[in-house]
Amino acid sequence: MSNMTANRQQALNAAIDRDCPICHCEMVLPTAVPACQHKFCFMCLKGVNMNHLGGCPICRGPIDDNIFRRPTQQLDIKMPVPDSPTPSTSSSTDREVKQEVDEDVKPDVDALNASMNNPPPILMYWLYHGRRQGWWRFDPRIEKDIEEAYIARMPVTEVVICGQPYVIDFSNMTQYPKNNRTHSRDVKRVDAHEFDASNVKGLAGVFKLTR
Amino acid sequence: MAAQLPRRIIKETQRLLADPVPGISANPDESNARYFHVMIAGPDDSPFAGGCFKLELFLPEEYPMAAPKVRFMTKIYHPNIDKLGRICLDILKDKWSPALQIRTVLLSIQALLSAPNPEDPLATDVAEQWKTNEAEAIKTAKQWTLSYAQA
């Protein structure tokens, strides 16, 4: 095996450990099936359960329903989108700036002026109202899709959550299943300050652990 | 109104194009990224050798929580594929898993061409022929390959 191939294989293996076998992206809220320990994003695994797809997607072993009952995780409720593929309005901008500082690059005067005239966009979060009460943050990857559609001034957009298509209606700031308009809930777009004031209960159905 | 294409579909498509499976090609339609034009070469060890079979593959909105829909466009004499090109394959139905993907589905269909299974038929007349007179069935399959499955 040549070096190139070995390196490529290594990179592939690393990606396999990090990526969810369902969405093929870096895992958000990694969750292991208790019986077999195969890992997936929490939302992806919940989708498997909700769609009755018959057990673990890798080995078809049983999935204990209890992991979806009142899940809690030590989580960074303001976590950015992992492995964001395209630079976007949000956290990736911050990361680029930091890199420049680390590498001790001379300040690019033009770029600085440009950024003074066009300040980097403020990080925004998308929340949905829980079935009972309180606000929840969307899965950061879905949040990013919503924000992009919002910035593009689309009147509505569609997202797939747990394998179910939903519509986000920006004029009414609501979300409903695509096939059932009556099951509508409120959504809101908040900055970090308002996020803190909203007493967000968790992320995509996972409660944040409280002291 | 259209939803964004899920990253998984983008990644799968890129990999199918950059690193295709031997004997299989899958190309997304220009106007619909969920619709693929597929070609499968008949496996050498089968009565479909030398044939080039056209299929269509569609990724429903629920994909990967629901299986892709796949159909043969080329006429084929096979006990698990009916006149309309519908395929009897467990992973396309109740044995679907979201850890499977376009690549593995097409590999399974290629394998089905190598190993017809008349015990689980979709085309009952073909399956009957396959069970009672396999030599004759294989001969017909080769003839159909020559008549209908030439690129």
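Residues numbered from 1 in each chain as written. Chains lettered and ligands numbered in written order. Predicted model: local features only at pLDDT ≥ 70, side-chain atom pairs only at ≥ 80, totals over all residues. Heavy atoms only, no water.

**Q** How would you explain the overall build of chain B if you had to name every residue and give the values?
**A** Scanning chain B from terminus to terminus reveals four helices and four strands. Ordering the α and β elements of chain B from the N terminus gives α-β-β-β-β-α-α-α. Computed over C-alpha atoms, the radius of gyration of chain B comes to 16 Å, within 12% of the 15 Å expected from 2.2 N^0.38 for 151 residues, which places it in the range of a compact globule. Seen through its principal axes, chain B has C-alpha atoms that stretch 50 × 30 × 25 Å. Going through the 151 residues of chain B one by one, you find that 46% of them count as buried. Looking at chain B alone, contacts between residues at least 24 apart form 55% of all its contacts between residues at least 6 apart. (Helix = DSSP H or I, 4+ residues; strand = E, 2+ residues; numbered from the N terminus. Rg over C-alpha atoms; globule rule 2.2 N^0.38 Å. Buried < 20%, exposed > 50% of the residue type's maximum accessible area, 1.4 Å probe, protein only. Contact = heavy atoms within 4.5 Å.)

**Q** How would you sum up the UniProt feature "domain: RING-type" (unreviewed entry) in chain A? Please name residues and give values.
**A** Mapped onto this structure's residue numbering, the UniProt feature "domain: RING-type" (unreviewed entry) falls at residues 20-60 of chain A. Split by type, residues 20-60 of chain A is 22% helix and 15% strand. Its first and last C-alpha atoms lie 16 Å apart. (UniProt positions renumbered as here; feature names shortened; annotations may be inferred.)

**Q** Could you give an account of the UniProt feature "active site" (unreviewed entry) in chain B, naming the residues involved and the relevant values?
**A** All names here are of chain B. Here the UniProt-annotated "active site" (unreviewed entry) positions come out as Cys88. Of note, Cys88 is situated in the loop between strand 4 (69-72) and helix 2 (102-114). Contact partners of Cys88, with chain neighbours within four places excluded, come to Asn80, Lys93, Leu112, Asp120 and Leu122.

**Q** Got a sec to walk through the interface of chain A and chain B? Specific residues and values, please.
**A** Accessible area lost when the parts come together is the quantity often used to give the size of an interface. Contacts between chain A and chain B engage 30 residues on the former and 20 residues on the latter. Taken together, the two surfaces of chain A and chain B that pack against each other cover about 2100 Å², and 54% of this comes from carbon and sulfur. For the pair chain A and chain B, the number of links is two salt bridges. Of the charged contacts in the structure, one is a salt bridge between Arg7 of chain B and Asp145 of chain A, with a shortest N-O distance of 3.0 Å. At the boundary of chain A and chain B, one finds six residue pairs in polar contact (both at pLDDT 80 or more). Within the residue set of the side of chain A that touches chain B, elements represented by two or more residues are helix 2 (42-50), helix 5 (140-151), strand 6 (156-161) and strand 7 (164-169) of chain A. Here the residues of the side of chain A that touches chain B sort into 16 nonpolar, four polar and ten charged. (Buried area = accessible area lost by both parts, 1.4 Å probe. Salt bridge = Lys/Arg side-chain N within 4 Å of Asp/Glu carboxyl O. Polar contact = N/O pair within 3.5 Å; in protein donor to acceptor, adjacent residues only side chain to side chain. Nonpolar A, V, L, I, M, F, W, Y, C, P; charged D, E, K, R; others polar.)

**Q** Break down unusual backbone geometry for me, citing the residues and quoting the values.
**A** Of note, the bond from Tyr63 of chain B into Pro64 of chain B is cis; its omega dihedral lies within 30 degrees of zero at 10°. Positionally, Pro64 of chain B belongs in the loop between strand 3 (52-58) and strand 4. Located in the positive-phi region is Arg60 of chain A, a residue other than glycine, with phi close to 60°. Here Arg60 of chain A lies in the loop between helix 2 and strand 3 (72-73).

**Q** Go over the domain arrangement of chain A with me, naming the residues and quoting the values.
**A** Residue and element names in this part refer to chain A. Looking at chain A, the domain boundaries give domain 1 (6-69) and domain 2 (125-208). Here domain 1 and domain 2 have C-alpha centroids that lie 23 Å from each other. Facing the eleven residues of domain 1 at the interface are twelve residues of domain 2. Three residues, Val28, Leu29 and Met43, lead the burial of domain 1 against domain 2; their summed loss comes to 53% of the area buried on that side. Summed over the shared surface of domain 1 and domain 2, the number is three residue pairs in polar contact (both at pLDDT 80 or more). Considering only residue class, the side of domain 1 that touches domain 2 consists of seven nonpolar, two polar and two charged. (Domains from an automatic or database assignment.)

**Q** Hey, could you go over the sheet that holds strand 7 of chain A for me, with residue numbers and the actual values?
**A** Residue and element names in this part refer to chain A. With respect to topology, nine strands assemble into an open sheet ordered 3-11-10-5-4-9-8-7-6, the strand pairing being mixed. Edge positions in the sheet fall to strand 3 and strand 6, since each has one partner strand and no second. In this sheet, strand 11 (residues 206-208) lies alongside strand 3 in parallel orientation, the contact comprising two bridges. Residue pairing for strand 11: Gln73 is matched across the bridge by Lys208. (Pairing = 2+ DSSP bridges.)

**Q** Any details on the UniProt feature "domain: UBC core" (unreviewed entry) in chain B? Residues and values, ideally.
**A** Cross-referencing UniProt, the feature "domain: UBC core" (unreviewed entry) maps to residues 4-150 of chain B in the present numbering. For residues 4-150 of chain B, the helix share is 33%, the strand share is 16%, and the end-to-end C-alpha distance is 37 Å.

**Q** For the environment of Lys83 of chain B, give the residues involved together with the corresponding values.
**A** Residue and element names in this part refer to chain B. Mapped onto the secondary structure, Lys83 falls in the loop between strand 4 and helix 2. Its relative accessible area of 87% is what places Lys83 among the exposed residues. Put simply, Lys83 and Ala123 are 40 residues apart on the chain and 7.4 Å apart in space, counted from C-alpha to C-alpha.

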